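Structural features, examined
One letter stands for each residue in the lines below.
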Amino acid sequence: QVQLVESGGGLVQPGGSLRLSCTASRTIFGVYDMGWYRQAPGKQRELVAAITLRGRTNYADFVKGRFTIARDNAENIMSLQMNSLEPEDTAVYYCNAVLRVGRQTDEYWGQGTQVTVSA
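The shown structure was predicted, so the numbers you read here are calculated from the model rather than taken from an experiment. Per chain, residue numbering runs from 1 following the sequence as it is written. A pLDDT threshold of at least 70 governs which residues receive local features in this predicted model, and a stricter bar of 80 or more applies before side-chain atom pairs are shown or counted, although totals over entire chains, interfaces and linings include all residues. Calculation of side-chain values draws on the structure's entire complement of heavy atoms; hydrogens and water are dropped beforehand.

1. Focus on the pattern of salt bridges
Our working rule: The working definition used for a salt bridge is a side-chain nitrogen of Lys or Arg within 4 Å of a carboxyl oxygen of Asp or Glu. Strands here mean DSSP runs of E at least two residues long; helices mean DSSP runs of H or I at least four residues long; both are numbered from the N terminus. Burial classes follow relative accessibility: with a 1.4 Å probe on protein chains only, a residue under 20% of its type's maximum area counts as buried, one over 50% as exposed, and anything between as partly exposed.
Counted according to the given criterion, the structure contains 4 salt bridges. A salt bridge links Asp89 to Arg38; the nearest nitrogen and oxygen atoms lie 2.9 Å apart. Placement of the pair is Asp89 in the loop between strand S8 (77–82) and strand S9 (91–101) and Arg38 in strand S4 (residues 33–39), with a sequence separation of 51 residues. Assessed through its relative accessible area of 1%, Asp89 is described here as buried. Assessed through its relative accessible area of 6%, Arg38 is described here as buried. Residue Asp61 pairs with Lys64 through a salt bridge whose shortest N-O separation is 3.2 Å. The burial state of Asp61 is the same as that of Lys64; both residues are exposed. Within the structure, one salt-bridge network assembled from shared partners comprises Arg38, Glu46, Arg66 and Asp89.

2. Considering the sheet that holds strand S1 (residues 5–7)
How we decide: Two strands pair if DSSP finds at least two bridges between them. Note on method: axes are straight lines fitted to C-alpha atoms, helices fitted across the in-contact stretch only, with angles between N-to-C directions ranging 0 to 180 degrees.
Taking strand neighbours across the sheet as the criterion, the 4 strands line up as S1-S3-S8-S7 in an open arrangement whose pairing is antiparallel. Each end of this open sheet is capped by a strand with a single partner; those strands are S1 and strand S7 (67–72). Direction aside, neighbouring strands of the sheet carry axes that sit 15 degrees apart on average. One ladder, built from 3 bridges, connects S1 with strand S3 (residues 18–23); its direction is antiparallel. Of the residues in S3, the one forming a bridge with Ser7 is Ser21.

3. Brief notes about the nonpolar core
Basically, it comes down to this: Here the nonpolar core consists of buried residues drawn from Ala, Val, Leu, Ile, Met, Phe, Trp, Tyr and Cys, with membership extended through side-chain atoms lying within 4.5 Å.
Counting residues in each nonpolar core, the largest one holds 30 residues, and the members touching the most others are Met34, Trp36, Met78, Leu80, Met82 and Tyr93. Where this core is concerned, the elements lending two or more residues are S3, helix H1 (26–31), S4, strand S5 (46–51), S7, S8, S9 and strand S11 (113–117). It is S9 that contributes the most residues to this core, 4 residues altogether.

This is the structure in structure tokens:
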């Protein structure tokens, strides 16, 4: 059974930093594209940042220049470095792994980690 496990969430003041991590099996890191999503109360889940198997990255406009996504396929870990955090960044952050082959999609989610930005 595939499991994605997030860690690193917490409470931080505006302007502060947090680093989220996601670990999974070697199969995931050897094959799947990965990313971070977030969901704030009353809002839909949205993409924060994505990184392909080969390391190509994509960021939502609202985090460009503040967040950095990275993955280490040898260590089976993906990270999201979040700087200059704003109250609007408060949400549950989810690790995602996806594999698209033709019309088929295989996708997994972590359980989520809470990030709260507040004074």
